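Inside the fold
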Amino acid sequence: MTTTESLTEREREALEHMRKAQELGTTLKEYAARFELDVQKLYQLRKPLVRKGALGPARSEATEPRRADKASALVPVRIVPSGRAPGSTAVSCRLMHPSGWVIECGEFPSAAWVTAVLSGGAHAAA
């Protein structure tokens, strides 16, 4: 962590305001409104403070994983040898949906059928 000696006067003031907001348990926006400060100036000074090590990353950056905005076009698939005897009823394919439904197949279904199921086609059961 950097010492406050390497910070500019504006950065030291902003850091102090950010620490006071944290102590009070308020957001920086609420703190700035309460004390009639320009919240945009505080936000602009945040990045240099993080870069210099005087301030940790934002809470969401530090604790929450990034999420994809759109669903990926690719689905991870793992194929393993079946190791089953011919004629057994072991599951060869299992489709699991995030909503909770599961479809198990005794053999690999056709690609057209899987596409219809995953796209919600009206005749996927055929």
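First, a word on what this report is: a plain description of the structure on this page. (Residues numbered from 1 in each chain as written. Predicted model: local features only at pLDDT ≥ 70, side-chain atom pairs only at ≥ 80, totals over all residues. Heavy atoms only, no water.)

**Let's talk about the overall build of the protein chain**
Scanning the protein chain for helices and strands turns up five helices and two strands. When the helices and strands of the protein chain are listed from N to C terminus, the series reads α-α-α-α-β-β-α. Counting every position in the protein chain, which comprises 126 residues, the buried fraction comes to 18%. Surface accessibility of the protein chain: about 10,500 Å² in total, with carbon and sulfur atoms responsible for 55%. (Helix = DSSP H or I, 4+ residues; strand = E, 2+ residues; numbered from the N terminus. Buried < 20%, exposed > 50% of the residue type's maximum accessible area, 1.4 Å probe, protein only. Areas by Shrake-Rupley, 256 points an atom, 1.4 Å probe, with all protein chains shown as cover.)

**Comments concerning the packing of aromatic side chains**
Taken as a whole and judged by the stated rule, the model has one aromatic pair. Judged by centre distance (4.6 Å) and plane angle (45 degrees), the ring pair of Tyr31 and Phe35 falls under tilted. The exposure class of Phe35 is partly exposed, given its relative accessible area of 42%. (Phe/Tyr/Trp six-rings, centres within 6.5 Å; stacked < 30°, edge-to-face > 60°.)

**Here's the deal with the side chain of Glu11**
Mapped onto the elements of the fold, Glu11 is located in helix H1 (residues 9-24). Of the residues examined, Glu11 reaches a relative accessible area of 6% and is grouped as buried. A distance of 2.8 Å separates a polar atom in the side chain of Glu11 from a polar atom in the side chain of Lys52. For Glu11, the contacting residues outside a window of four places in its chain are Leu45, Pro48, Leu49 and Lys52. (Polar contact = N/O pair within 3.5 Å; in protein donor to acceptor, adjacent residues only side chain to side chain. Contact = heavy atoms within 4.5 Å.)

**Section: the pairing of strand E1 (residues 93-96)**
Judged by which residues are buried, E1 turns out to be one-sided: Cys93 and Leu95 face inward and are buried, whereas Arg94 and Met96, on the alternate face, are not. Here four bridges tie E1 to strand E2 (residues 102-105), and the two strands are oriented antiparallel to one another. Looking at the pairing, Met96 lines up with Val102 of E2. Following E1, the chain reverses through five residues before pairing antiparallel with E2; Gly100 in that reversal takes a positive phi of roughly 120 degrees. (Pairing = 2+ DSSP bridges.)

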